[in-house]
Amino acid sequence: MAETPTKILLEESEQPTQWYNVVADLPEPMAPPLHPATHEPVGPDDLAPLFPMAIIEQEVSTERYIDIPGEVLDVYRLWRPSPLFRAHRLEQALGTPARIYYKYEGVSPAGSHKPNTSVPQAYYNNAEGVTKLTTETGAGQWGSALAFATAQYGMECEVWQVAASYRQKPYRRAMMQVWGATVHSSPSDVTDYGRQLLAEDPEHTGSLGIAISEAVSVAAADPNVRYALGSVLNHVLLHQTVIGEEALLQLAKVGETPDLLVGCTGGGSNFGGLAFPFLREKWAGKMNPTIRCVEPAACPTLTKGEFRYDFGDTAGMTPLMKMHTLGHGFVPDPIHAGGLRYHGMAPLVSHLYELGETEAISIPQLECFGAAVQFARSEGIIPAPEPTHAIAAAVREALACKETGEEKVILTALCGHGHLDLAAYNSYFEGEMVDMDLSEDAIAAAMAEVPTV
Ligand SMILES: *Cc1c(COP(=O)(O)O)cnc(C)c1O
């Protein structure tokens, strides 16, 4: 076929104006979230202290398409539509007959896909009179995305950053401060739970689950303050579908349909955002791609976790969600892909995996960074540590194609750049990076604490 261009772009006028809600098309319905104390299905009233009504409606919506508000499209246009790249130079370097495409989300102000949801979340909260949002952040990407979004609507933002990353990533903290946010190291001395954990261990490295508990407790205590979550929930994955909708239009422009989609899965949002519109096309019989989740070997939620009800946070304050989990008390080893260190997985991504609509693999970090360096030396862009997993999986597949001669079309989301993660690359080049052994005992201990529903 004719050579495709390196960059496949959309005009602003071609920007998708609706999000796709995969819930409308699920082959089987999902299990509902349950109240943490009563174990009854949660209703809108249970969520109202944390989220605005518009978000709660989206969380439970079964409408296939939801209009993106004009004020959100206006902010999206600062970086959307994002480019789709054909990885000609990586293909050459690998000597593969496969055609590799990547949708690049690092062009957003925060440098990742996360503003696709932080912007509508800030917008809907602001529209309902909320003046401040609280949240957690692991690698700092979600915190900076929310800080950027709240700045667009003149709101305050308070962020609990996992202690390990607070120490390692002062530049992410500075970004949040530039956009006007207040940042705490978590566990922090501003919540009861944080103080309790610090008393037990002043050097606590923290976890996403702990930081969520802190941010939720502060939001729940003040009616003008709400909480925003950067992954896992249905409405977050809904907002991220702009990635897949744009990629569908872009691939159509060059007459391609994917044979394989690969995406890294932390909480599942960039993966779901890319994959769900393609699943819709697959269910409609228009294409038949294999859809593969890639997770870190040190936090293999889909491949080693159990599919059952568990809490979203460590303290057990959030609703119970049916998902793949390593146990809400599981603290993953401090791998560099901080955004993939979460004990659970989006219920939607978990459900689709259980139904056999997707597959999953895990890859250790040394292989991921090796692939990322090869990617950067050919394509130029330095990937964030999280999408190095997707790149490593794409490289594995492209090398397999070299053996078989198959001209597979591989699509992935390069969901963020790594300009603020260069310390991880340093540790790779200095030979300090190691593959962490997964402790089966630690998982078993954490699973023992998961409630029986
Ligand atoms: C937050 C983040 C992730 C992990 O979250 P998902 O919800 O699984 O997408 C992955 N990559 C980047 C760049 C992130 O910022």
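Not measured: the values here are computed from a predicted model. (Residues numbered from 1 in each chain as written. Predicted model: local features only at pLDDT ≥ 70, side-chain atom pairs only at ≥ 80, totals over all residues. Heavy atoms only, no water.)

Bringing the site of the ligand into the picture now. Near the ligand you find 17 residues, and of these Lys114, Ser231, Gly266, Ser269 and Asn270 are the closest. Lys114 places a side-chain nitrogen or oxygen 2.6 Å from an oxygen atom of the ligand. Side-chain polar atom of Gln141 to an oxygen atom of the ligand: 3.0 Å apart, as the coordinates give it. For the ligand, whose accessible area on its own is 380 Å², the fraction buried by protein is 97%. Its residues assigned to classes, the shell around the ligand shows 3 nonpolar, 12 polar and 2 charged. Shared between two domains, the shell around the ligand holds at least three residues of each, these being domain 1 (45-66 + 113-232) and domain 2 (76-111 + 235-447). (Near = heavy atom within 4 Å. Polar contact = N/O pair within 3.5 Å; in protein donor to acceptor, adjacent residues only side chain to side chain. Areas by Shrake-Rupley, 256 points an atom, 1.4 Å probe, with all protein chains shown as cover. Nonpolar A, V, L, I, M, F, W, Y, C, P; charged D, E, K, R; others polar. Domains from an automatic or database assignment.)

This part is about the domain arrangement of the protein. What the domain assignment reports for the protein is domain 1 (45-66 + 113-232) and domain 2 (76-111 + 235-447). Relative placement of domain 1 and domain 2: their C-alpha centres are 23 Å apart. Across the contact, 41 residues belong to domain 1 and 43 residues belong to domain 2. For the pair domain 1 and domain 2, the two sides together bury roughly 3,400 Å², of which 61% comes from carbon and sulfur. A per-residue breakdown of the area domain 1 buries against domain 2 is headed by His113, Asn116 and Val232, which together make up 24% of the total. (Contact = heavy atoms within 4.5 Å. Buried area = accessible area lost by both parts, 1.4 Å probe.)

The next subject is the state of the cysteines. Disulfide: a covalent bond formed between the sulfur atoms of two cysteine residues. Taken as a whole and judged by the stated rule, the model has 0 disulfides. The cysteine Cys293 is free of any disulfide, with Cys264 supplying the nearest cysteine sulfur at 10 Å. With a relative accessible area of 0%, Cys293 lands in the buried category. (Disulfide = S-S within 2.5 Å. Buried < 20%, exposed > 50% of the residue type's maximum accessible area, 1.4 Å probe, protein only.)

Spatial ordering of the open sheet is given by β1-β4-β5-β15-β10-β11-β14, a layout of 7 strands whose pairing is mixed. Both edges of this open sheet fall to β1 (7-8) and β14 (359-363), since each of them pairs with a single strand only. Judged from the 3 bridges that link them, strand β4 (residues 84-86) and strand β5 (residues 99-104) form a sheet pairing that is antiparallel. Bridge pairing in β5 links Phe85 to Tyr102. Packing of helix α11 (residues 234-253) onto the sheet brings it into contact with β1, β4, β5 and β15 (409-414), and relative to β5 it is tilted by some 140°. (Pairing = 2+ DSSP bridges. Helix = DSSP H or I, 4+ residues; strand = E, 2+ residues; numbered from the N terminus. Axes fitted to C-alpha atoms, helices over the stretch in contact; angles between N-to-C directions.)

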